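Geometric and topological summary
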Amino acid sequence: RGFNEADGETGREATVVTREFATKYWPDSPAVGQRFRFIQDKKPGPWMTIIGVCTDIVQNMQAREIPPPLVYVSHRQEAWGWMGLLLRTASDPTTLAAPVRAIVQNLDQDLPLFEVRTLTAALGRQRWFLNVFGTLFGVFALSALLMASVGIYAVVAQSTARRTREIGIRMALGATAGGILRLVLSRGMTQLAIGLVLGLAGALGATRLMKAGGFVIQISPNDPLVFVSTSVLLVGIGIFACWLPARRAAALHPVKALRHE
């Protein structure tokens, strides 16, 4: 259960713990009804009885592991200088700021109500740096992908174009345009496959280093969607880079291809 009006009074200290707290300290028995106490400055505090177990909560947006074990205590039992009031509404929550402020003022005119915002806005303010750095890394990643795509196309297209004389000789000896295309694509794809294997191995190592350094938060460093989509894009660019010069060379007359410099 949750707290009631009697919880927190002297001799009736109570607490609600998270599921991780209950699992950690009482893995083989129910946590409800158990007692514990804190020791601060070598002085033991009052014994607190667990009256309920709630779900885990994420307090640190940069947490890379499971949520830590937490406990909740009554404000009557341990008062703080400030509190947060959380409301669930069926309509626009911003329209309830004035009525809620009036209710709080009726309870105590010395209680200020400030920093009123929606939960989405509050979370956005808390993790603004994640959005900034995420956007920054995203721009860098797209730039690197664009540079890699242009580089692959330029290298493969140049390599294929330099084989125009070879293509002319093969066509003069009876090779068909389809055979030339298959030959160029097979060689280009072999080189591209080797590059992808080496690149994916390096990317896996780099993402694990980023995970260990705290740069990858709450996501898997080995996201298959990212690796597969990037590989498909690079393969598509490689195929186009092989196909276009090979098609041009195969369309030439064998004599012109032999004279190509």
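Presented here is an overview of the structure given in this document. Bear in mind the structure is a predicted one, so any value in this text is a computation, not a measurement.

To continue, consider the pattern of salt bridges. Per the stated rule, a full pass over the model turns up 3 salt bridges. In this structure, Asp7 engages Arg1 in a salt bridge whose closest nitrogen and oxygen atoms are separated by 2.8 Å. As a salt-bridge pair, Glu115 and Arg117 come within 3.8 Å of each other at their nearest N and O atoms. Looking at Glu115, the relative accessible area reads 52%, which means it is exposed. Look at Arg117 and you get partly exposed, because its relative accessible area is 35%.

In this structure, Lys42 takes a positive phi of about 65° despite not being glycine. As for its position among the elements, Lys42 is in the loop between strand S3 (39-40) and strand S4 (43-44). A residue is classified by how much of its surface remains accessible, and Lys42, at 82% relative accessible area, is exposed. At Glu115, a position not held by glycine, the phi torsion is positive, near 55°.

Rules of the game
Residues numbered from 1 in each chain as written. Predicted model: local features only at pLDDT ≥ 70, side-chain atom pairs only at ≥ 80, totals over all residues. Heavy atoms only, no water. Salt bridge = Lys/Arg side-chain N within 4 Å of Asp/Glu carboxyl O. Buried < 20%, exposed > 50% of the residue type's maximum accessible area, 1.4 Å probe, protein only. Helix = DSSP H or I, 4+ residues; strand = E, 2+ residues; numbered from the N terminus.

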